[in-house]
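Chains, contacts and geometry: an overview
Next come the chains, spelled out residue by residue.
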Amino acid sequence: VRSILLNPGPVSLSEGVRNAVASTDLCHREAEYFDVQDEVITGLLQVYDCERQAWAAVLMGGSGTTAMEAMLASLLPSHSRLLVIENGIYGERLSRIAEIHALEHAAMRLDWGAGIDLAALGELLGAGGFSHLAAVHHETTTGRLNDVAAIADLCEQHGVSLLLDSVSAFGAEAVPFDSPAVMAVAATANKCLHGIPGLAIVLCRRKALEQAPTARSLTLHLPDWASHQARRSTPYTPPVNAVLALSQALRELRDQGGWQARGTHYRKLAGQVATTLGALGVDPWLPAAESSCALRSYRLPPGMDYNALHAGLKQRGFIIYAGQGGLFNELFRLSTMGEISAYDMARLQQALRAVIAGR
Ligand SMILES: *Cc1c(COP(=O)(O)O)cnc(C)c1O
C-alpha cells in the first residue's frame, strides 16, 4: 500500500500526474519539449492571472531553496540594502543566502512562529535604510501564514521592493501580485502545485530581470534562464519529467477551480484533522486563524514523543512531519497538501484515534 504524505511536500500525486512523469521520452532540444515548457510557463502565469507583459515565469532544475537562492542572487542590484524577516527556518535561510552571496543585509529577528509586528516593520522601512525586503509567505517551520498583503503595502508605502518565498503557498494562498512593490516570488513544483520534485520556479517582474546585476552564479542566473526560455531554448538540461508532471498538475489545478478552490479544499481537510485531534486532547500549537491552509502544527499528545507518534502513523500508511530544531520535542506538523481523498481522510482520522487514544 502506498503511504499518504502529510509532510509539506513532496506530496502524494494524482494518477494523472504520476502517469505524466513517465508518459514519454523527450530530448530537451526538440520542439516537443519546448511545447511542454511553453505550456508550463503559460500555466504558471495563469495561476494568479499575471500579465505576460509585466511578469516572467522562470523554471530551473532544483528544489524550493534553489528558487530562493536564484531569486536573491540574481535580482538584487549590487548596491541594494536588504532587510530579511526571520520568524522561522526559511526566513533564516534567506539571510544565509544573502550572507553567502555577500549581499548587504540585516535581519528582523523574531521567535519561530511569532507574528510579524507590522508597526515595527513600518518603522524599520520608514527609516529609509533598506531598498529591498525578503520575506517568507507561509513559514512552514510552524505553519504561520505571514500577512504578505500588509507587508507588500508597507513596502509600497516606503518605496521598497519585495521578494517573497512563497514556496509553500503558491497555488493555494493569495499572493499579492497586484502590488507594485512585489518584484519576485519563489515557488516549487512539488508543494501546492502537486507536481514532482526537481523543478524550482521564480515569477519575476520583467523590469527586475532587465535591471539585474551581472551574474553571481552560472547556473542560478534568472535572466539567463528567462531569455533562453523566451526563445524556446534552455541553457542546461532541465528536469524534463518534472516539467511533464507540472504541465499535467497545472491542468488539474485549473480543472479543480484554481488556487482559491485548492486553498478551500486544504482548509476543509485541515479542519477535519483539527477536530479529530481536538477530541483526542491534542491542541494546536498555533491558532488555526494564524495558520496557512496547507499545514498546521500541533502540540505532541501528552505522554507521547514524536518518534512514537510518527511510527504508529507510518505503520498505518501516513507520513507526518517533525518539528525542526528545538521544536522537535514540542510539536508535530501535518500538511493536507497533495492528492488526499475523502477515503484517505477517513482512514487518517481512524489512524489518529488508534495511535493517540491507544498510547
Ligand atoms: C519547502 C520550503 C522551501 C524549500 O525547501 P526545499 O527542501 O529546498 O524544496 C523554502 N521555503 C519554504 C517556506 C518551504 O516551505
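Description of the structure in this document. Predicted, not measured: the structure shown is a model, and the values here were computed from it. (Residues numbered from 1 in each chain as written. Predicted model: local features only at pLDDT ≥ 70, side-chain atom pairs only at ≥ 80, totals over all residues. Heavy atoms only, no water.)

**Regarding the overall build of the protein**
Within the protein, the regular secondary structure consists of 12 helices and 14 strands. For 359 residues, the compact-globule estimate of 2.2 N^0.38 gives 21 Å, and the C-alpha radius of gyration of the protein, at 20 Å, lies within 12% of that figure. Dimensions of the protein, computed from C-alpha atoms along their principal axes, come out at roughly 60 × 55 × 30 Å. Considering the protein as a whole, with its 359 residues, one finds that 58% of them fall into the buried category. Pairs at least 24 residues apart make up 72% of the contacts formed inside the protein by residues separated by at least 6 positions. (Helix = DSSP H or I, 4+ residues; strand = E, 2+ residues; numbered from the N terminus. Rg over C-alpha atoms; globule rule 2.2 N^0.38 Å. Buried < 20%, exposed > 50% of the residue type's maximum accessible area, 1.4 Å probe, protein only. Contact = heavy atoms within 4.5 Å.)

**What to know about unusual backbone geometry**
Apart from glycine, the bulk of residues carry a negative phi angle, and the bulk of peptide bonds sit in the trans form. The omega torsion across G9 and P10 is -5°, close enough to zero to call that bond cis. Here the phi dihedral of D49 falls at roughly 50°; this positive angle occurs in a residue that is not glycine. Inspection of the secondary structure assignment puts D49 in the loop between α2 (31-47) and β2 (55-61). You can call D49 exposed: its relative accessible area is 69%. The backbone of H194 sits at a positive phi, close to 70°, despite the residue not being glycine. Following the sequence through the fold, H194 ends up in the loop between β9 (182-188) and β10 (199-205). Judged by its relative accessible area of 10%, H194 is buried.

**Some points on the sheet that holds strand β5 (residues 132-136)**
Adjacent strands of a sheet pair through backbone hydrogen bonds, lying either parallel or antiparallel. Spatially, the 7 strands line up as an open sheet ordered β2-β10-β9-β8-β5-β3-β4, and their pairing is mixed. At either end of the open sheet lies a strand with only one pairing partner, and these are β2 and β4 (105-109). Across the sheet, the axes of successive neighbouring strands diverge by a mean angle of 20°, strand direction being ignored. In terms of strand pairing, β5 meets strand β8 (residues 161-165) through 5 bridges, oriented parallel. Along β8, the bridge assignment pairs L133 with L162. Across the sheet, α2 lies against β2 and β10, angled at about 130° from β2, the strand it touches most. (Pairing = 2+ DSSP bridges. Axes fitted to C-alpha atoms, helices over the stretch in contact; angles between N-to-C directions.)

**What about the sheet that holds strand β13 (residues 321-322)?**
In spatial order, the strands read β11-β14-β13; together these 3 strands make up an open sheet with antiparallel pairing. The open sheet has two free edges, formed respectively by β11 (295-299) and β13, since each of these has just one partner strand. Relative to strand β14 (residues 331-335), β11 runs antiparallel, the two sharing 5 bridges. Looking across to β14, one finds that R296 is bridged to L334.

**Notes on helix α8 (residues 222-230)**
Burial in α8 covers these residues: L222, P223, W225, A226, H228 and Q229. Those residues of α8 hidden inside the fold are in contact with α2, β2, α3 (64-75), β10 and α7 (206-210). Residue R232 follows α8 closely and has a positive phi angle near 50°.

**Here we look at the nonpolar core**
Counting residues in each nonpolar core, the largest one holds 56 residues, and the members touching the most others are L44, L121, L133, F170 and L246. If one sorts the elements of this core by residue count, helix α9 (residues 240-255) sits on top with 9 residues. If we ignore the near neighbours within four places in the chain, the residues touching L121 are L83, I85, M108, I116, L133, I151 and L154. Within the second largest apolar cluster, 35 residues are counted, among which are M60, A67, C204 and A212. (Core = buried A, V, L, I, M, F, W, Y, C linked by side-chain atoms within 4.5 Å.)

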